Amino acid sequence: MKDRLKKATIDKYLAIIVIIALAFVPFVANLYSTQILGKFITYMIAALALDILWGYGGLMNLGFAVFFGMGGYIVGISLACQDGLPAFMSSLGKLPAIYAPLKSIPVAIILGVLIPALVALVLGYFIFTSKIKGVFYNVITLAFAGLFELFITTNQSYTGGSSGVNGIASGLNKITIGGHSVSIVQWYYIAFISLVVIYILWITESRFGKVIKSVRDNEARLRFLGYNPAVFKMTLFAIAGAIAGYAGMLYVPMTSFISIESAGVTFSTMMLVWLAVGGRGNLSGAMIGALFVSFLQSKLSSSFGEIWQLVLGVILIVVVLFLPNGVIGTLKNIQYNRRTKKKA
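Residues numbered from 1 in each chain as written. Predicted model: local features only at pLDDT ≥ 70, side-chain atom pairs only at ≥ 80, totals over all residues. Heavy atoms only, no water.

K.L.:
Explain the environment of valine 66 to me, please; I cannot follow it from the model alone.
P.N.:
Summarising the element assignment, valine 66 is placed in helix H5 (residues 65-80). For the pair valine 66 and proline 116, spaced 50 residues apart in sequence, the C-alpha separation works out to 8.3 Å. (Helix = DSSP H or I, 4+ residues; strand = E, 2+ residues; numbered from the N terminus.)

Written out as structure tokens, the structure reads:
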């Protein structure tokens, strides 16, 4: 046990500290702070999904927030429909037939994971079987996010448009555990436990995870050994999409709201920033990076008013320029160099 602790890298220690701290938040913080940190936890789950895809699979996605948004919109619309026709659908006169399954919250929860996974799988099929790579792959993912954003904003009566989905709060009371409505604290711990489980599963350390790393590092050799890289990429795309959709579903109870701001190009870019700051190819870095940037964003917006984005941009540029491996990645490299010197 002592040997394992000595060999553990600093990113693991920091991840444990963060997880322990988050576990006690509801005991020491007020309800509003718990809700905000609960929202940040859903971001951390999405960051893990993106890091599995980009950090370990080498598949950067400029429109990854779309999958997060799909999960959020499916559950959000389901909750908004629980007490009748939502206000943004009033012009339709009745609930569209395509939304009929969403009257059932359990069905909506299943679809919130399944649909992002299927969309990711189909998109991945066309991209990877066509052997599209490099800048063309990036353009497709960016265009995908742009199209999704356009679809949401131009279909006001079906999606709430740029105003988002309202009326979610009343629907949340329909979700019960033991006959009682799920509280914000309970939602917080559902998100927290989900984060811990996904982090501990360490899909990247499985046989599948090792093959994915091989796809990233030497796809030609993997093909020579008889593997089909496209199949593994499609599977990874679907898994990452499902996790992101699940994170989006958990986001809705924390905010009682969902809009294109949580699903479009801008939010997709912010997800990439989380990994750039924390360090991609390192699940601890992705998780801590998402928490750090989100917390910093929250504080700066309240302290600097309208110029907070400029201040955040300067900070992020400094981090990326001087810490190209991210904060956690740089700390991990420093620890590795010190241990190497001691052995020498």
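K.L.:
Got a minute to help me understand the packing of aromatic side chains in this structure?
P.N.:
Two measures describe an aromatic ring pair: the distance that separates the ring centres and the angle between the ring planes. In total, this model carries 17 aromatic pairs according to the counting rule given. Consider the rings of phenylalanine 67 and phenylalanine 237, whose centres lie 6.4 Å apart with planes at 80°: the pair is edge-to-face. Taken as a pair, phenylalanine 67 in helix H5 and phenylalanine 237 in helix H13 (residues 229-255) lie far apart in primary sequence, 170 residues in all. For the pair formed by phenylalanine 67 and phenylalanine 237, the shared burial category is buried. Connected via pairs of aromatic rings, a cluster forms that spans Phe40, Tyr43, Phe68, Tyr251, Phe267 and Trp274. (Phe/Tyr/Trp six-rings, centres within 6.5 Å; stacked < 30°, edge-to-face > 60°. Buried < 20%, exposed > 50% of the residue type's maximum accessible area, 1.4 Å probe, protein only.)

K.L.:
Honestly, the packing of helix H14 (residues 265-278) against helix H15 (residues 283-303) in this entry has me stumped. Any pointers?
P.N.:
What describes two packed helices is the angle between their axes and the distance between those same axes. Orientation of H14 relative to H15, taken along the N-to-C sense of each, is 115°, at an axis distance of 7 Å. Looking at the two axes, H14 sits roughly perpendicular to H15. In the crossing of H14 with H15, the sense of the turn from one axis to the other is right-handed. Of the residues in H15, those in contact with Met270, Val273, Trp274, Leu275, Val277 and Gly278 of H14 are Gly285, Ala286, Gly289, Ala290, Phe292, Val293, Ser294 and Gln297. A breakdown of the residues in the contact of H14 with H15 according to their chemical character gives 9 nonpolar, 5 polar and no charged. (Axes fitted to C-alpha atoms, helices over the stretch in contact; angles between N-to-C directions. Parallel < 35°, antiparallel > 145°, perpendicular 65-115°, else oblique. Left-handed = near helix turned anticlockwise from the far one by under 90°. Contact = heavy atoms within 4.5 Å. Nonpolar A, V, L, I, M, F, W, Y, C, P; charged D, E, K, R; others polar.)

K.L.:
What exactly am I supposed to notice about the packing of helix H10 (residues 184-201) against H13 here?
P.N.:
Direction vectors running N to C along H10 and H13 enclose 160°, while the axes themselves pass 9 Å from each other. With respect to H13, the axis of H10 lies roughly antiparallel. H13 is crossed by H10, and the crossing has left-handed handedness. Mapping the contact onto sequence places Ile184, Trp187, Tyr188, Ile190, Ala191, Ser194 and Ile198 in H10 and Ile243, Tyr246, Leu250, Pro253 and Met254 in H13. Residue composition of the contact of H10 with H13, grouped by class: 11 nonpolar, 1 polar and no charged.

Just distances and angles here, no functional claims.
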